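# Remarks on the overall topology
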Amino acid sequence: MSTNIIHTPQQGRDPATLAPRSIRIGLDPILTAAAIGLGIASLVTLGGISHAQMVRQGGYLAVGLLAMLVLSRFDYSRLRELKWGLYVILIAAILVVLAVGKSIGGISTRSIGISVFSFQASELGKVLLIVFLAAFVVDSSRKTSGRQLVARVMLLALVPTMLVIGEPDLGSGLVYVAAAFAVLYIAGVEAKYLAAVLALGVAALALVLIAGPLIGFHTYQAERLTAFLDPGAVPARDISSALYQQQNSLTAIGAGQKFGLGSVATSTAANFVPLNTTDFIFAALAERFGFAGAAFVLSLYALIIWRTLRIVAGAKNLFGALIAAGIVAMLAFQVFVNVGVAVDILPVTGVTLPLLSYGGSSVLTTFLALGLLQSIHAQARIAAGTKGRVLSF
Amino acid sequence: MIESPLQRRAPLPPQLTRRVGVLGVVVFVLFGVIAFRLWYLQVLTGTQNAAKATALVVRPIAIAAPRGNILDSHGTPLAGYRVAPQVAIVADDLPPAGPQRQLVYRRLARVLGIGWQNIRTIVDNRAVAPPGYAPTDIMDDVSKRAWVYIGERKSLFPGVIVRQVYVRDYPEGDIGAVVLGQLGQVSTKELTQSPFKGIAAGTVVGQSGLEAEYQSYLQGTPGVDHVDVDAAGYPIAAKSSSRLPVPGDQLSTSLDLGLEKEGYIAVDEAENRARLGGDPAPAAAFVAMDPMTGRVLALGSVPSYDANDFATTPSTKTYTAILAEDHALVDRAIAGLYPTGSTFKPITALGALNAGLITAQTTQGTGSCVTFGTTQQFCNSGGSNYGSVDLVSALTQSVDTYFYKVGAAANGGSDPIQAEAHALGLGSSPGIDLPGGGDPGVVPDAAYVKALNAQYIAQVCAGSHPLPKYAKSQLAVTACAQGYLQPAWTIGQNVLLATGQGYLLASPLQMAIAYSAIVNGGKVFSPKIGWKILSPAGALVQQLPAPTYRRIALNRAYRALVMDGLHGAAQSPSGTSYPTFGSFPRTVYGKTGTAVHAGQKDQSWYVVYAPDAKRPIVIAVTVEQGGFGAAAAAPAARLMLSQWFGLPKHWAAGVSQDL
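Per-chain numbering applies: the sequence of each chain, read as written, is numbered from 1 onward. Think of it this way: whatever chain is written first is A, whatever ligand is written first is 1, and the rest follow in order. Totals for whole chains, interfaces and linings use every residue, but because this is a predicted model, local features are given only for residues with pLDDT of at least 70 and side-chain atom pairs only at 80 or more, for both listing and counting.

## With respect to the overall build of chain A
- Each helix is a run of H or I in the DSSP string that is no shorter than four residues. Each strand is a run of E no shorter than two, and both are numbered from the N terminus. A count of helical and extended segments in chain A gives 16 helices and zero strands.
- We call two residues in contact when their backbone-placed C-beta atoms lie within 7 Å. Sequence separation of at least 24 residues holds for 72% of the intrachain contacts in chain A that already meet a minimum separation of 6.

As structure tokens, then:
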């Protein structure tokens, strides 16, 4: 019945103008504003530490913003048919990193930036895995039982997770687990199967922390855990110890007090807190701008998460909802773990703070995730518009 | 409506909204935890953390090692170390260059009582960019008031630290100052040069004398203090850990402190006596060495300065005062180049004997003057006429006319006098173990005068080019002013050379070496002061190489003739220094010298050898503008010999008018 309309449009009317203008723009304004706000916060914080890094971060943010805009114009649904391709890319990238990174002994290649590629693979892998898992769940949900689905998803997620943890990048591995968990949860899997997923995550952790050292894996995660649980066990003056980072971060954050030390926030600026532009950038932020600044930035993250949850609920299809759910888990987990480490309620786990941490791959990955969200949002608006549905949340 | 498979909607699970809600609640609970934790850290307990934040980092600060002692041959320290309060600057912690940094300089300068530009100069010249929190020494031995003032107002002095450091200590002050040498912070330029490579910026190193020559042994290994520092870089807590510095090894020398001291006392006495007699006597130098081993027993130069002035950075005032002295920083014993007067005559004698120009039986020199050609007339001092004398008598009485004849006879051909002088070490660097090895001086000949003329014409007469190195010589000083240049080498110059005058330039050390070679039968030594290297505890680390020597042919009979002449000069009643050494209870061989300088008072010289089975010694003494050799230098040498052999000391001046 609709064939006539499609093939013979009304005289003088461009089909594109049929859609309302707001739908063509398609961006969630609050989500976009919050992301830009975080980008500005990142630049301001970096500006107090390293001018060169601030300038480069500005470039990363601009490229990321552009990537988000481009991605938001595509229909994410097309990614479903590419799922196995995405998975192969994910595994291959991580394997290459493992092969290259293995030769650099003793230290995590990711955190000190010897191998930029290592960093990129595990960061970009977050988005790739989320899209793949969402597609896999959507395609399998009608054919398989809940138990089978969980088992397969577990297996498929476990492969990249274990590889990344072996890199060793425990932080990204945990993000993978959290994202997989969220995807399954939103997909409607029964609670008992989710409990099994949780058990899997714990087992993976235990494997790394306890069995890992026995077979010659890097043991820094175990040391960090020890340092966190028993500060006295690690010499406080050892500049390389995890405790040293965390204690100095804690002191710097505390010194910020209500409104921050401003330009005299020297502890973080003077590199007394290691990784002050990446894993511990929150310490620099909190020292310079105090509780007010830290709370403001946390509010921006809360805004992003609220909008993302809204996108999950309003997605036009399950695939979109699951992608958005994975992304919400990814962002919330990273913020919680990164800030949690900085404020000393979690052991040191190298996780970047989305959009704030200095680094191209972290910024780009986050913006790609935001681009997917924008696309899901836009497609939902289009679908709702053609059906006369009204979105509200 | 037919949907493509891709757009086919998968059924949204019915519990979706509820599950999204649960997810939201979980996330916001986690955020709440973080927010509360931040509230606790920053608002409830923030002030405590703010205080803690001032003590964040452990910074390594280098502790300079105490330099190893320099000991005399009996183990008495000539140089040691002590602990002193110091103000230093860590350049990395200074405010950025500009008004802010200048303000710190000005404040510090006011407290320390020095010019702020001095501080800027020190920091700009000495401090090296990161890495390295190597503090640059601004002032040592600061007053307690300044020390406390700065320490209590550290916020006013970012980058400035006060601390205790090891400082070089010279217990004898000005005794042997030029031999021991000066210290100074290694400069940015020096850091790239081989003897100082690997040394941390700001380290105090030897810049001259033994301190420089044996720098690598004396330096030691710096320690490290791990100090808690606040954001301004100021140490605020007790040292959390440190590696103590390892003191440098000790340098044991062959110097004898008693003789060294007596040398300074003796030349000082000589100067004072000369001044009473109307001679200005501004400077003097002495060298004592063992003629058999080549080891230096004493070496000194006056005017001197307190060596401790350079153990810490000298103030501008002190430095100006030292510079105001007549070249107090120059070691005249090795770098003071003079005509040597009659002390040169034994060399002339050996040269002439070797060339067959004279024999033991040759007698000549009657009359008070001799004339060569038509214009050049040379006379004995005071117009004395000794009659015709043989070589031994000529040396004993220092008969100029005898040696004028020798000089005239030796002119040209193989230049036997110059050959003998070169053989005995004149005209080339002695190679003593001090930086530079000692100045070479000049043994003049026809080629030298020619080159000197050429250089003079090219450089000085042509324009404002500084005077050449040989400016001390008569030619360079007067020729341009007089509008003519000395013609090429004349017989008269060789006549002057025969009596140690003319263009001849030699240092006291070179004369001591030459006499030692005559005494020991032909070993021309490169003397050494350093003897062995000892650990800080005193154990032998390394025996330094013994003095090397070059052996020359020395005819025994000729040597005996010269020795007879020298012995007669000192201890026979007709000898020139008989009033000084006639009563001396030991056998000595010595020669006076009185070098004539145009427009100045005469320069007093004495070189003496005292044989001894165990402690033989050769001493060379010179007193600039001190009068006749017998009047100033000879009695000073006697005081030193008395000290060396433990004899009663008294001033026994000669009255001889002889050269």
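Let's pick the thread back up.
## Section: helix α12 (residues 345-355) of chain B
Residue and element names in this part refer to chain B.
- Within α12, nine of the 11 residues are buried, which leaves the element mostly enclosed by the surrounding structure.
- Turning to α12, its buried residues are Lys345, Pro346, Ile347, Thr348, Ala349, Leu350, Gly351, Ala352 and Leu353.
- At the C-terminal side of α12, Gly356 shows a positive phi close to 75°. Note on burial: count the other C-beta atoms lying within 10 Å of the residue's C-beta; 20 or more is buried, 12 or fewer is exposed, in between is partly exposed, and C-beta positions come from the backbone.

## Some words on the confidence of the model for chain B
Residues and elements named next belong to chain B.
- On a scale of 0 to 100, pLDDT captures the predictor's confidence in every residue. Residues with a pLDDT of 70 or more make up 85% of chain B, whose mean pLDDT is 84.
- Taken as a whole, residues 1-10 scores under 50 in pLDDT and shows 13 contacts with residues more than four places along the chain or in a different chain.
- Prediction confidence for the complex, expressed as pTM and ipTM, is 0.59 and 0.82 respectively.

## Describing the packing of helix α3 (residues 29-47) of chain A against helix α4 (residues 51-72) of chain A
Residues and elements named next belong to chain A.
- Axis definition: a line fitted to C-alpha atoms, limited for helices to the stretch in contact. Angles are taken between N-to-C directions and run from 0 to 180 degrees. Packing of α3 against α4 brings their axes to within 8 Å, and their N-to-C directions diverge by 165°. One element, α3, and the other, α4, form an angle in the roughly antiparallel class. Judged by the twist between their axes, the crossing of α3 over α4 is right-handed. Contacts between α3 and α4 involve Gly39, Ser42, Leu43, Leu46 and Gly47 from the first element and His51, Gln53, Met54, Gln57, Gly58 and Leu61 from the second. Convention used here: angles under 35 degrees read as roughly parallel, angles over 145 as roughly antiparallel, angles from 65 to 115 as roughly perpendicular, and any remaining angle as oblique. Left-handed describes a crossing whose near helix is turned anticlockwise from the far helix through less than a right angle; right-handed describes the clockwise counterpart.

## Side note on the environment of B:Ala632
All names here are of chain B.
- The topology assignment puts Ala632 in the loop between β21 (617-624) and α22 (633-645).
- Look at Ala632 and you get buried, because 36 C-beta atoms sit within 10 Å.
- Sequence-wise, Ala632 and Ala653 are 21 residues apart; in three dimensions their C-alpha atoms are separated by 6.9 Å.
- Setting aside chain neighbours within four positions, we find Ala632 in contact with Ala270, Arg273, Ala274, Ala281, Ser604, Val623, Gly626 and Gly627.

## Things to note about the sheet that holds strand β12 (residues 296-302) of chain B
Residues and elements named next belong to chain B.
- Here the rule is simple: two strands pair whenever DSSP picks up at least two bridges between them. The strand order across the open sheet formed by five strands is β12-β11-β21-β20-β19, and the pairing between neighbours is antiparallel. Across the chains shown, the open sheet's two edge strands, defined by having one partner strand only, are β12 and β19 (589-595). Adjacent strand axes in the sheet meet at a mean angle of 5° when their direction is disregarded.
- Across seven bridges, β19 lies against strand β20 (residues 603-610) in antiparallel orientation. Bridge pairing links Ala595 to Gln603 in β20.

## Topic: the nonpolar core
- We define a nonpolar core as a collection of buried residues of the types Ala, Val, Leu, Ile, Met, Phe, Trp, Tyr and Cys that are connected via C-beta atoms lying within 7 Å of each other. By size, the foremost hydrophobic cluster in this structure holds 141 residues, and its most contacted members are B:Val608 and B:Ile619.
- Here this core takes nine residues from helix α19 (residues 508-520) of chain B, the largest share from any one element.
- Counting residues in hydrophobic clusters, the runner-up holds 121 residues, among them A:Met68, A:Leu250, A:Phe291 and A:Ile376.

## Focus on the environment of B:Tyr515
All names here are of chain B.
- Tracing the backbone shows Tyr515 in helix α19.
- By the C-beta count within 10 Å, which is 27 here, Tyr515 ends up buried.
- Residues Tyr515 and Tyr609 lie 94 residues apart in sequence; the distance between their C-alpha atoms is 7.8 Å.
- Excluding anything up to four places from it in sequence, Tyr515 contacts Val607, Tyr609 and Val618.

## Considerations on unusual backbone geometry
All names here are of chain B.
- Backbone torsion omega between Val302 and Pro303 reads 0°, so that peptide bond is classified as cis.
- Counting through the fold element by element, Pro303 comes out in the loop between β12 and α10 (316-324).
- Despite not being glycine, Ser398 shows a phi value in the positive range, around 55°.
- Mapping Ser398 onto the fold places it in the loop between α13 (391-397) and α14 (400-410).
- Of note, the phi angle at Asp415 is positive, near 45°, even though the residue is not glycine.
- Its location among the elements puts Asp415 in the loop between α14 and α15 (416-423).
- Looking at Asp415, the number of C-beta atoms within 10 Å reads 22, which means it is buried.

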